[in-house]
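# Geometric and topological summary
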Amino acid sequence: MITKTTLKTIDRAIKDLWINELYTDYRKGYFINKDSLRCSFYHHLQTALSPLFNEKQLYLYPNFYVVELNLVADLAIVHMDMTLNTKQMNDKMTYIATIIELNYRNETAMHNDSILLSDTIKLKQYAQAKKPGCQYYCACIHEAENDYLDWLTLRSQQPDRWLEGAMSELNAGYMGDHLFFEVNSGNHFNYRHKRTSCETTIDG
């Protein structure tokens, strides 16, 4: 099973990449939709964590099928036992360490629950499956004016609090005249909140 130290290393890389490399890629026009966002995320995450992946037999996959939930994750980090004598590569997977769901929107009604409803349902199913040690990330770019960016975090102020402990948001959107990329974490790893804009970076 994956260790807490390894999870924290992965977590730090994901959060740092979001407010640094991915923010920079967006401003340079390297991605304009969900598919190109996934390519950029995959590239930077694989580059940053390649030594750790090699050491811990971890693999990063796009469009990863979670068999028991019949769901496809946009990105997943999984452990593979390559010594297993199986004909199908899928059968070498022993556990899922990280799931990342991506969303790229340009609607103007950020407050409307229907915008992220499908991803919210998927994320809640992941969280309720309670896979030991697995961390979940919801990355959303919303190209419109927003009153707030931490959409899921605010939504989670309900009795079940299903985000707490294993879920983090990676948010991006316009507030005023500026585009912000920010992290809003519920997993207690590394920093809980961090925001970057074209002017400054704010820790919390």
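Structure first, text after, so check above.
Structure report, in brief. (Residues numbered from 1 in each chain as written. Predicted model: local features only at pLDDT ≥ 70, side-chain atom pairs only at ≥ 80, totals over all residues. Heavy atoms only, no water.)

### Regarding the side chain of Thr6
- Structurally, Thr6 is set in helix H1 (residues 4-27).
- If we skip the residues at most four places from it in the chain, Thr6 touches Leu52, Lys56 and Leu58. (Helix = DSSP H or I, 4+ residues; strand = E, 2+ residues; numbered from the N terminus. Contact = heavy atoms within 4.5 Å.)

### Some remarks on the packing of aromatic side chains
- On inspection of all chains with the given rule, the structure shows 8 aromatic pairs.
- With centroids separated by 5.9 Å and ring planes inclined at 50°, the aromatic side chains of Tyr26 and Phe31 adopt a geometry described as tilted.
- Looking at Tyr26, the relative accessible area reads 11%, which means it is buried.
- Assessed through its relative accessible area of 2%, Phe31 is described here as buried.
- Pairing Tyr59 with Tyr61 gives two aromatic rings, centres 6.2 Å apart and planes at 10°, and the pair type is stacked.
- With relative accessibility at 30%, the residue Tyr59 sits in the partly exposed group.
- Within the aromatic cluster, the residues linked to one another by ring pairs are Trp18, Tyr23, Tyr26, Phe31, Phe41 and Phe181. (Phe/Tyr/Trp six-rings, centres within 6.5 Å; stacked < 30°, edge-to-face > 60°. Buried < 20%, exposed > 50% of the residue type's maximum accessible area, 1.4 Å probe, protein only.)

### Overview of the environment of Thr98
- Here Thr98 lies in strand S3 (residues 93-105).
- Counting along the chain gives 22 residues from Thr98 to Ala76, while the straight-line C-alpha distance between them is 5.5 Å.

### Some points on the pairing of strand S7 (residues 193-196)
- Here S7 shows a clear split, with Lys194 and Thr196 buried on one side and none of His193 and Arg195 buried on the other.
- One ladder, built from 4 bridges, connects strand S6 (residues 178-185) with S7; its direction is antiparallel. Each bridged residue has a counterpart across the sheet, and for Asn184 the counterpart in S7 is His193. (Pairing = 2+ DSSP bridges.)

### Some thoughts on unusual backbone geometry
- Non-glycine residue Gln57 carries a positive phi angle of around 55°.
- The topology assignment puts Gln57 in the loop between helix H2 (34-56) and strand S1 (58-66).
- Judged by relative accessible area, Gln57 falls into the partly exposed class, the value being 33%.
- Even without a glycine there, the phi angle at Asn70 is positive, about 55°.
- Along the chain, the position of Asn70 falls in the loop between S1 and strand S2 (71-80).
- Since its relative accessible area comes to 55%, Asn70 is described here as exposed.

### Considering the nonpolar core
- In terms of nonpolar packing, the biggest core is built from 37 residues, with Trp18, Phe41, Leu45 and Ile141 touching the most fellow members.
- Looking at this core, the elements with two or more residues in it are H1, H2, S1, S2, S3, strand S4 (135-145), strand S5 (167-175) and S6.
- For this core, the element with the most residues is H1, which contributes 10 residues.
- Those residues in contact with Phe41, other than ones at most four positions away along the chain, are Ile14, Trp18, Leu22, Leu75, Ile100, Leu102, Ala139 and Leu170. (Core = buried A, V, L, I, M, F, W, Y, C linked by side-chain atoms within 4.5 Å.)

### Points about the environment of Leu58
- Within the secondary structure layout, Leu58 lies in strand S1.
- The spatial distance from the C-alpha of Leu58 to the C-alpha of Ile96 is 9.2 Å, given a sequence separation of 38 residues.
- For Leu58, the contacting residues outside a window of four places in its chain are Thr6, Ile10, Phe53, Ile77, Val78, His79 and Tyr95.

### Some remarks on the side chain of Lys122
- Mapped onto the fold, Lys122 is located in helix H3 (residues 117-129).
- A distance of 2.6 Å separates a polar atom in the side chain of Lys122 from the backbone oxygen of Val72.
- In this structure Lys122 touches Leu71, Val72 and Glu101, once residues within four positions along its chain are discounted. (Polar contact = N/O pair within 3.5 Å; in protein donor to acceptor, adjacent residues only side chain to side chain.)

### Structural notes on H2
- When the terminal C-alpha atoms of H2 are compared, their 29 Å separation across 23 residues is substantially less than the 33 Å that a helix rising 1.5 Å per residue should span.
- Along its length, H2 reaches its greatest deviation from straightness, about 65°, at Leu49, and the proline Pro51 lies no more than four positions downstream.
- Taken together, the buried positions of H2 are occupied by Ser36, Leu37, Arg38, Ser40, Phe41, His44, Leu45, Leu49, Leu52 and Phe53.
- Where H2 is buried, its residues meet H1, S1, S2, S3, S4 and S5.
- At the N-terminal boundary of H2, the capping side chain belongs to Asn33, with an oxygen 3.3 Å from the backbone nitrogen of Asp35.
- Directly beyond the C-terminal end of H2, a positive phi value near 55° is found at Gln57. (Expected span 1.5 Å × (residues − 1). Bend = angle between axes of the 7 residues up to and from the residue.)

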